Amino acid sequence: GNIMTSSALIAIAAALAISLSTIGPGIGQGICASKAMEAMARQPEMVGTLRTNMILALAIMEALAIYGLLISFILIAKM
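Residues numbered from 1 in each chain as written. Predicted model: local features only at pLDDT ≥ 70, side-chain atom pairs only at ≥ 80, totals over all residues. Heavy atoms only, no water.

(A) Highlighting the overall build of the protein. In terms of regular secondary structure, the protein is built from 2 helices and 0 strands. Rg of the C-alpha trace for the protein: 18 Å, well past the compact-globule value of 12 Å for 79 residues, more than 25% over. The principal-axis extent of the C-alpha atoms belonging to the protein is close to 65 × 25 × 5 Å. Looking at the 79 residues of the protein, the share that counts as buried comes to 18%. Long-range contacts, defined here as pairs at least 24 residues apart, represent 76% of the contacts in the protein between residues at least 6 apart. (Helix = DSSP H or I, 4+ residues; strand = E, 2+ residues; numbered from the N terminus. Rg over C-alpha atoms; globule rule 2.2 N^0.38 Å. Buried < 20%, exposed > 50% of the residue type's maximum accessible area, 1.4 Å probe, protein only. Contact = heavy atoms within 4.5 Å.)

(B) Quick look at the packing of helix H1 (residues 6-42) against helix H2 (residues 47-77). Running from N to C, H1 and H2 point in directions that differ by 175 degrees, and their axes come no closer than 8 Å. Considered as vectors, H1 and H2 are oriented roughly antiparallel to each other. Taken together, the residues of the contact of H1 with H2 break down into 24 nonpolar, 6 polar and 2 charged. (Axes fitted to C-alpha atoms, helices over the stretch in contact; angles between N-to-C directions. Parallel < 35°, antiparallel > 145°, perpendicular 65-115°, else oblique. Nonpolar A, V, L, I, M, F, W, Y, C, P; charged D, E, K, R; others polar.)

(C) Structural context of the pattern of salt bridges. For the structure shown, the criterion picks out 1 salt bridge. Among the salt bridges present, the one from arginine 42 reaches glutamate 38, with a minimum N-O distance of 3.4 Å. In this pair, arginine 42 and glutamate 38 both sit in helix H1, 4 residues apart, roughly one turn of the helix. (Salt bridge = Lys/Arg side-chain N within 4 Å of Asp/Glu carboxyl O.)

(D) Geometry of a nonpolar patch on the surface. Together, Met4, Leu9, Ile12, Leu16, Leu20, Ile23, Ile27 and Ile31 make up an exposed nonpolar region whose accessible area comes to about 780 Å². Within the fold, leucine 20 resides in helix H1. Look at leucine 20 and you get exposed, because its relative accessible area is 57%. (Patch = residues over 30% accessible without salt bridge, like charges linked within 9 Å, V, L, I, M, F, W, Y side chains within 5 Å. Areas by Shrake-Rupley, 256 points an atom, 1.4 Å probe, with all protein chains shown as cover.)

This is how it looks when you write it as structure tokens:
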């Protein structure tokens, strides 16, 4: 059979690293924003606190996607 080259395997690994590491945070950020908007609608006096907490939570989730991006960059550098 045809054996894939190492650069092809590295390219597939980089694609999987970035795609799989963005699925979870993407879903989580959508849920987080939805619940924060719901909470802001229920308690308008808490908007400032809720916004701060939401942005902090979104930043932590985004860090997970950035880790995947970093791993894909490292893999592409090995090609």
